[in-house]
Amino acid sequence: MRVFIATDLEGVGGVLLDEQVVAGSPAYEQARRLLTQEVNAAVEGALAGGASEVLVDDGHAHGFNLIYEDLHPGARYAMGRARPEWLEGLSAECEAAFFIGCHAMAGTRGAVRDHTMSSVAWHNLWMNGEPTGEIGLWAAIAGHYGVPCVLVSGCEKACREAAALVPGIETVLTKRGLSRYAAFLEPAEGVRRAIRARAEAALGKVKAIAPLQVESPVELRVEYNVTGQADQVAIIPGRERLDARTIAYRAENVIEALRLI
Ligand SMILES: [Zn+2]
(Lines give C-alpha, C1' and ligand atoms only; values in the text may rest on other atoms or scores of the structure.)
Protein backbone atom coordinates (compact mmCIF):
# COMPACT_ATOMS: atom_id res chain seq x y z
CA MET A 1 0.00 0.00 0.00
CA ARG A 2 1.43 3.34 -1.09
CA VAL A 3 0.62 6.32 1.14
CA PHE A 4 1.10 9.96 0.18
CA ILE A 5 1.71 12.58 2.89
CA ALA A 6 1.28 16.26 2.01
CA THR A 7 2.70 18.73 4.53
CA ASP A 8 2.50 22.40 5.43
CA LEU A 9 4.03 24.35 8.29
CA GLU A 10 1.33 26.65 9.64
CA GLY A 11 -0.73 23.90 11.26
CA VAL A 12 2.15 22.17 13.03
CA GLY A 13 1.93 22.14 16.84
CA GLY A 14 3.73 25.14 18.36
CA VAL A 15 3.81 27.19 15.16
CA LEU A 16 2.09 30.57 15.47
CA LEU A 17 4.30 33.51 14.62
CA ASP A 18 5.58 35.10 11.39
CA GLU A 19 9.22 34.40 12.22
CA GLN A 20 8.43 30.67 12.57
CA VAL A 21 7.19 30.31 8.99
CA VAL A 22 9.84 32.35 7.13
CA ALA A 23 13.33 30.91 6.74
CA GLY A 24 16.26 32.66 8.37
CA SER A 25 15.71 32.74 12.11
CA PRO A 26 16.13 30.42 15.10
CA ALA A 27 12.33 30.40 15.41
CA TYR A 28 12.05 28.98 11.87
CA GLU A 29 14.67 26.33 12.70
CA GLN A 30 12.51 25.29 15.66
CA ALA A 31 9.41 25.13 13.45
CA ARG A 32 11.25 22.90 10.93
CA ARG A 33 12.23 20.55 13.73
CA LEU A 34 8.63 20.35 14.94
CA LEU A 35 7.40 19.69 11.39
CA THR A 36 10.01 16.98 10.86
CA GLN A 37 9.00 15.24 14.09
CA GLU A 38 5.30 15.31 13.15
CA VAL A 39 6.09 13.94 9.69
CA ASN A 40 8.20 11.18 11.22
CA ALA A 41 5.28 10.26 13.48
CA ALA A 42 2.97 10.08 10.44
CA VAL A 43 5.44 7.88 8.55
CA GLU A 44 5.76 5.60 11.57
CA GLY A 45 1.98 5.32 11.85
CA ALA A 46 1.62 4.65 8.13
CA LEU A 47 4.17 1.83 8.27
CA ALA A 48 2.51 0.37 11.37
CA GLY A 49 -0.83 0.54 9.55
CA GLY A 50 0.41 -1.52 6.63
CA ALA A 51 1.98 0.96 4.20
CA SER A 52 4.68 -0.61 2.04
CA GLU A 53 5.71 2.71 0.49
CA VAL A 54 5.40 6.28 1.81
CA LEU A 55 5.92 9.47 -0.21
CA VAL A 56 6.13 12.82 1.59
CA ASP A 57 5.65 16.24 -0.03
CA ASP A 58 7.39 19.18 1.69
CA GLY A 59 4.82 21.79 0.73
CA HIS A 60 5.42 25.01 2.65
CA ALA A 61 6.90 28.03 0.84
CA HIS A 62 10.18 27.08 -0.89
CA GLY A 63 9.54 23.38 -0.22
CA PHE A 64 12.70 22.87 1.78
CA ASN A 65 11.53 22.76 5.37
CA LEU A 66 12.03 19.16 6.46
CA ILE A 67 15.38 18.46 8.11
CA TYR A 68 16.84 15.92 5.73
CA GLU A 69 19.22 14.14 8.10
CA ASP A 70 16.52 13.67 10.74
CA LEU A 71 13.86 12.17 8.47
CA HIS A 72 12.40 8.71 9.07
CA PRO A 73 14.23 6.20 6.84
CA GLY A 74 10.99 4.49 5.84
CA ALA A 75 9.81 7.11 3.32
CA ARG A 76 10.94 9.20 0.33
CA TYR A 77 10.66 12.96 0.30
CA ALA A 78 9.81 15.46 -2.47
CA MET A 79 11.60 18.70 -1.63
CA GLY A 80 12.66 21.90 -3.37
CA ARG A 81 10.98 24.59 -5.41
CA ALA A 82 9.34 24.60 -8.88
CA ARG A 83 8.18 21.01 -9.00
CA PRO A 84 6.35 19.91 -12.17
CA GLU A 85 3.02 19.26 -10.43
CA TRP A 86 1.22 20.16 -7.25
CA LEU A 87 1.62 17.25 -4.81
CA GLU A 88 4.12 15.53 -7.08
CA GLY A 89 3.92 11.76 -6.70
CA LEU A 90 0.25 11.66 -5.75
CA SER A 91 -1.30 9.32 -8.31
CA ALA A 92 -3.82 6.54 -8.76
CA GLU A 93 -1.16 4.16 -7.44
CA CYS A 94 -1.56 5.65 -3.94
CA GLU A 95 -4.20 4.15 -1.69
CA ALA A 96 -4.47 6.91 0.92
CA ALA A 97 -3.39 10.47 1.60
CA PHE A 98 -2.52 12.22 4.87
CA PHE A 99 -2.28 16.01 5.26
CA ILE A 100 0.02 17.11 8.10
CA GLY A 101 0.39 20.67 9.45
CA CYS A 102 -2.76 22.10 7.85
CA HIS A 103 -4.29 25.54 8.32
CA ALA A 104 -7.86 26.69 7.69
CA MET A 105 -8.98 28.64 4.64
CA ALA A 106 -8.62 32.42 4.37
CA GLY A 107 -11.22 34.30 6.38
CA THR A 108 -11.77 31.64 9.07
CA ARG A 109 -12.24 33.28 12.45
CA GLY A 110 -10.24 31.86 15.35
CA ALA A 111 -8.01 29.83 13.04
CA VAL A 112 -4.23 29.93 13.47
CA ARG A 113 -2.62 31.63 10.45
CA ASP A 114 -5.70 31.18 8.24
CA HIS A 115 -4.97 31.77 4.56
CA THR A 116 -5.41 30.23 1.13
CA MET A 117 -2.22 29.87 -0.88
CA SER A 118 -0.90 33.36 -0.09
CA SER A 119 -1.83 35.80 2.67
CA VAL A 120 -0.50 38.70 0.63
CA ALA A 121 -2.10 37.83 -2.73
CA TRP A 122 -5.30 35.84 -2.22
CA HIS A 123 -8.44 37.01 -0.44
CA ASN A 124 -10.78 34.13 -1.32
CA LEU A 125 -11.00 30.98 -3.42
CA TRP A 126 -14.08 29.15 -4.65
CA MET A 127 -14.05 25.73 -6.30
CA ASN A 128 -17.21 25.23 -8.38
CA GLY A 129 -18.83 27.96 -6.30
CA GLU A 130 -17.87 26.57 -2.87
CA PRO A 131 -15.50 28.49 -0.60
CA THR A 132 -12.36 26.34 -0.53
CA GLY A 133 -9.00 26.34 1.22
CA GLU A 134 -5.85 24.36 0.75
CA ILE A 135 -7.26 21.30 2.53
CA GLY A 136 -10.09 21.25 -0.03
CA LEU A 137 -7.71 21.70 -2.95
CA TRP A 138 -5.44 18.92 -1.74
CA ALA A 139 -8.39 16.60 -1.09
CA ALA A 140 -9.70 17.37 -4.59
CA ILE A 141 -6.32 16.56 -6.16
CA ALA A 142 -6.27 13.25 -4.27
CA GLY A 143 -9.90 12.65 -5.21
CA HIS A 144 -9.09 13.20 -8.88
CA TYR A 145 -6.85 10.13 -8.65
CA GLY A 146 -9.44 8.20 -6.65
CA VAL A 147 -7.40 8.52 -3.44
CA PRO A 148 -9.19 9.22 -0.14
CA CYS A 149 -7.71 11.69 2.33
CA VAL A 150 -7.94 9.77 5.60
CA LEU A 151 -5.96 11.93 8.07
CA VAL A 152 -5.53 15.66 8.69
CA SER A 153 -3.58 17.36 11.47
CA GLY A 154 -3.79 21.04 12.28
CA CYS A 155 -5.56 23.64 14.40
CA GLU A 156 -9.13 23.13 15.57
CA LYS A 157 -10.61 25.05 12.62
CA ALA A 158 -8.46 23.16 10.11
CA CYS A 159 -9.66 19.85 11.58
CA ARG A 160 -13.25 21.09 11.41
CA GLU A 161 -12.80 22.15 7.78
CA ALA A 162 -11.45 18.70 6.91
CA ALA A 163 -14.21 16.85 8.75
CA ALA A 164 -16.88 18.85 6.88
CA LEU A 165 -15.29 17.94 3.54
CA VAL A 166 -14.47 14.29 4.16
CA PRO A 167 -16.91 12.36 6.37
CA GLY A 168 -15.12 9.85 8.58
CA ILE A 169 -11.67 11.43 8.24
CA GLU A 170 -9.28 11.04 11.20
CA THR A 171 -8.09 14.36 12.63
CA VAL A 172 -5.32 15.32 15.06
CA LEU A 173 -5.68 18.61 16.94
CA THR A 174 -2.42 20.52 17.36
CA LYS A 175 -3.76 23.81 18.82
CA ARG A 176 -6.96 25.78 19.45
CA GLY A 177 -6.79 29.26 17.99
CA LEU A 178 -7.51 32.24 20.22
CA SER A 179 -6.78 34.58 17.36
CA ARG A 180 -4.78 34.36 14.13
CA TYR A 181 -1.50 34.50 16.07
CA ALA A 182 -2.40 32.97 19.45
CA ALA A 183 -3.60 29.55 20.55
CA PHE A 184 -3.86 27.03 23.33
CA LEU A 185 -1.15 24.58 22.26
CA GLU A 186 -1.40 20.83 22.69
CA PRO A 187 1.89 19.44 24.03
CA ALA A 188 4.37 18.45 21.31
CA GLU A 189 4.82 14.90 22.50
CA GLY A 190 1.06 14.33 22.71
CA VAL A 191 0.61 15.65 19.17
CA ARG A 192 3.25 13.28 17.82
CA ARG A 193 1.77 10.32 19.69
CA ALA A 194 -1.71 11.16 18.37
CA ILE A 195 -0.44 11.53 14.78
CA ARG A 196 1.24 8.14 14.97
CA ALA A 197 -1.85 6.46 16.42
CA ARG A 198 -4.39 8.16 14.14
CA ALA A 199 -2.24 7.51 11.05
CA GLU A 200 -2.18 3.80 11.84
CA ALA A 201 -5.93 3.80 12.53
CA ALA A 202 -6.68 5.82 9.39
CA LEU A 203 -5.19 3.15 7.14
CA GLY A 204 -7.77 0.74 8.54
CA LYS A 205 -10.50 3.05 7.21
CA VAL A 206 -9.25 3.51 3.65
CA LYS A 207 -12.11 1.53 2.12
CA ALA A 208 -14.69 3.32 4.26
CA ILE A 209 -13.72 6.90 3.35
CA ALA A 210 -14.75 8.20 -0.06
CA PRO A 211 -12.33 10.19 -2.20
CA LEU A 212 -13.49 13.81 -2.59
CA GLN A 213 -15.09 14.08 -6.03
CA VAL A 214 -15.37 17.44 -7.77
CA GLU A 215 -17.70 17.71 -10.76
CA SER A 216 -16.23 18.41 -14.17
CA PRO A 217 -15.66 21.04 -15.53
CA VAL A 218 -13.89 22.69 -12.60
CA GLU A 219 -13.92 26.42 -12.01
CA LEU A 220 -11.42 27.92 -9.57
CA ARG A 221 -12.39 31.50 -8.83
CA VAL A 222 -9.67 33.55 -7.14
CA GLU A 223 -10.39 36.88 -5.50
CA TYR A 224 -7.05 38.65 -5.18
CA ASN A 225 -6.30 41.13 -2.44
CA VAL A 226 -5.77 44.12 -4.71
CA THR A 227 -6.86 44.94 -8.24
CA GLY A 228 -3.28 45.10 -9.51
CA GLN A 229 -2.81 41.38 -8.90
CA ALA A 230 -5.90 40.62 -11.03
CA ASP A 231 -4.65 43.09 -13.68
CA GLN A 232 -1.44 41.11 -13.99
CA VAL A 233 -3.02 37.69 -14.51
CA ALA A 234 -6.01 38.88 -16.56
CA ILE A 235 -3.89 39.68 -19.61
CA ILE A 236 -3.14 35.97 -20.20
CA PRO A 237 -5.73 34.38 -22.56
CA GLY A 238 -8.16 31.73 -21.30
CA ARG A 239 -8.99 33.47 -18.04
CA GLU A 240 -12.15 35.38 -17.32
CA ARG A 241 -12.11 38.52 -15.25
CA LEU A 242 -15.30 38.51 -13.21
CA ASP A 243 -14.76 41.78 -11.38
CA ALA A 244 -11.96 44.13 -10.39
CA ARG A 245 -10.25 41.61 -8.12
CA THR A 246 -11.62 38.22 -9.27
CA ILE A 247 -10.44 35.84 -12.01
CA ALA A 248 -12.04 32.54 -13.06
CA TYR A 249 -9.82 29.66 -14.14
CA ARG A 250 -11.76 26.86 -15.89
CA ALA A 251 -10.65 23.40 -16.98
CA GLU A 252 -11.82 19.81 -17.29
CA ASN A 253 -10.51 18.87 -13.88
CA VAL A 254 -8.82 20.30 -10.81
CA ILE A 255 -5.32 19.27 -11.93
CA GLU A 256 -5.63 21.24 -15.17
CA ALA A 257 -7.34 24.18 -13.46
CA LEU A 258 -4.44 24.45 -10.99
CA ARG A 259 -1.96 24.46 -13.87
CA LEU A 260 -3.59 27.69 -15.09
CA ILE A 261 -2.98 29.53 -11.82
ZN1 LIG B 1 2.46 27.03 4.36
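All values derive from a computational prediction rather than experimental measurement.

Draft legend 1. Molecular detail of empty space enclosed by the protein. Throughout the structure, instances matching the rule amount to two cavities of 30 Å³ or more. Approximately 40 Å³ is the volume attributed to the largest cavity. Along the walls of the largest cavity sit V12, G13, L34, E38, A188, V191 and R192, which together make up its complete lining. When residues of the lining of the largest cavity are traced back to their parent elements, those giving at least two are α2 (26–48) and α5 (188–203).

Draft legend 2. Spotlight on the layout of surface pockets. Of the voids in this model, the largest pocket is the one considered here, and its volume is about 830 Å³. Around the largest pocket, the lining comprises 31 residues; the ones closest to its centre are G59, H60, A61, M117 and E134. Elements represented by at least two residues in the lining of the largest pocket include exactly α1 (18–21), β2 (53–58) and α3 (134–144). Each residue belonging to the lining of the largest pocket can be placed in one class, and the counts come to 12 nonpolar, eight polar and 11 charged. Considering only enclosed or pocket space, the second largest pocket measures out at about 260 Å³ in volume. Considering only residue class, the lining of the second largest pocket consists of six nonpolar, four polar and three charged.

Draft legend 3. Molecular detail of the pattern of salt bridges. Going through the model one piece at a time under the given rule, you end up with 21 salt bridges. E53 is paired through a salt bridge with R2; the nearest N and O atoms lie 3.1 Å apart. Pair noted here: E53 is in strand β2 and R2 is in strand β1 (residues 2–7), with a separation of 51 residues, a long-range link. A residue is classified by how much of its surface remains accessible, and E53, at 24% relative accessible area, is partly exposed. In this structure, the salt-bridge partner of E223 is R245, at a minimum N-O distance of 2.9 Å. One end of the pair, E223, is in strand β10 (residues 218–224); the other, R245, is in the loop between β11 (239–243) and β12 (246–251), with 22 residues separating them in the sequence. Exposure remark for E223: the relative accessible area of 13% places this residue in the buried category. Within the structure, one salt-bridge network assembled from shared partners comprises R2, E53, R76 and E93.

Draft legend 4. Expanded view of the coordination of the zinc ion. Within the protein, the atoms that donate to the zinc ion are D8 (OD), E10 (OE), E10 (OE) and H60 (ND1), at distances of 2.0 to 2.7 Å. Taken together, the four donor atoms coordinating the zinc ion and their angles of 52 to 134° define a geometry best described as irregular. Sequence positions of the donors to the zinc ion reduce to the motif D-x1-E-x49-H. Remark: H60 occurs in the loop between β2 and β3 (76–78) and E10 occurs in the loop between β1 and α1; sequence separation between them is 50 residues.

Draft legend 5. How the structure looks around the sheet that holds strand β6 (residues 130–131). Strand order in the open sheet made by the five strands is β6-β5-β10-β12-β11, with antiparallel pairing throughout. Two strands lie at the open edges of the sheet, namely β6 and β11, each paired on one side alone. With five bridges connecting them, strand β5 (residues 122–127) and β10 associate as antiparallel partners. Each residue of the ladder has a partner; that of W122, found in β10, is Y224.

Draft legend 6. Representation of the side chain of E170. Relative to the elements of secondary structure, E170 occurs in strand β8 (residues 170–179). Here R198 takes part through its side chain, which lies 2.8 Å from a polar atom of the side chain of E170. Discounting residues that sit within four places of it in the chain, E170 has contacts with V150, L151, V152, R198, A201, A202 and K205.

Draft legend 7. The sheet that holds strand β7 (residues 149–155), seen in detail. The strand order across the open sheet formed by seven strands is β3-β2-β1-β4-β7-β8-β9, and the pairing between neighbours is mixed. Looking at which strands have only one partner, the edges of the open sheet turn out to be β3 and β9 (182–185). Along the sheet, successive strands turn relative to each other by an average axial angle of 20°, direction set aside. Where β1 lies against β2, six bridges are found, and the strand directions are parallel. For T7, the partnering residue across the bridge sits in β2 and is D58. Helix α4 (residues 156–165) rests against β4 (96–102), β7 and β8 of the sheet, and its axis sits at about 155° to β7. Seen against the sheet, α5 touches β1, β4, β7 and β8 and runs at an angle of roughly 140° to β8.

Reading the values: the criteria
- Residues numbered from 1 in each chain as written.
- Predicted model: local features only at pLDDT ≥ 70, side-chain atom pairs only at ≥ 80, totals over all residues.
- Heavy atoms only, no water.
- 1 Å grid on protein atoms, 1.4 Å probe; cavity = no way out; pocket = protein on both sides within 12 Å on 5 of 7 lines; lining within 4 Å.
- Points joined across faces, edges and corners; volume = space filled by probe spheres on them.
- Helix = DSSP H or I, 4+ residues; strand = E, 2+ residues; numbered from the N terminus.
- Nonpolar A, V, L, I, M, F, W, Y, C, P; charged D, E, K, R; others polar.
- Salt bridge = Lys/Arg side-chain N within 4 Å of Asp/Glu carboxyl O.
- Buried < 20%, exposed > 50% of the residue type's maximum accessible area, 1.4 Å probe, protein only.
- Donors = N, O, S within 2.8 Å, 3.2 Å for Na, K, Ca; no water.
- Tetrahedral: all angles 85-135°; square planar, octahedral: opposite > 155°, others 65-115°.
- Pairing = 2+ DSSP bridges.
- Polar contact = N/O pair within 3.5 Å; in protein donor to acceptor, adjacent residues only side chain to side chain.
- Contact = heavy atoms within 4.5 Å.
- Axes fitted to C-alpha atoms, helices over the stretch in contact; angles between N-to-C directions.

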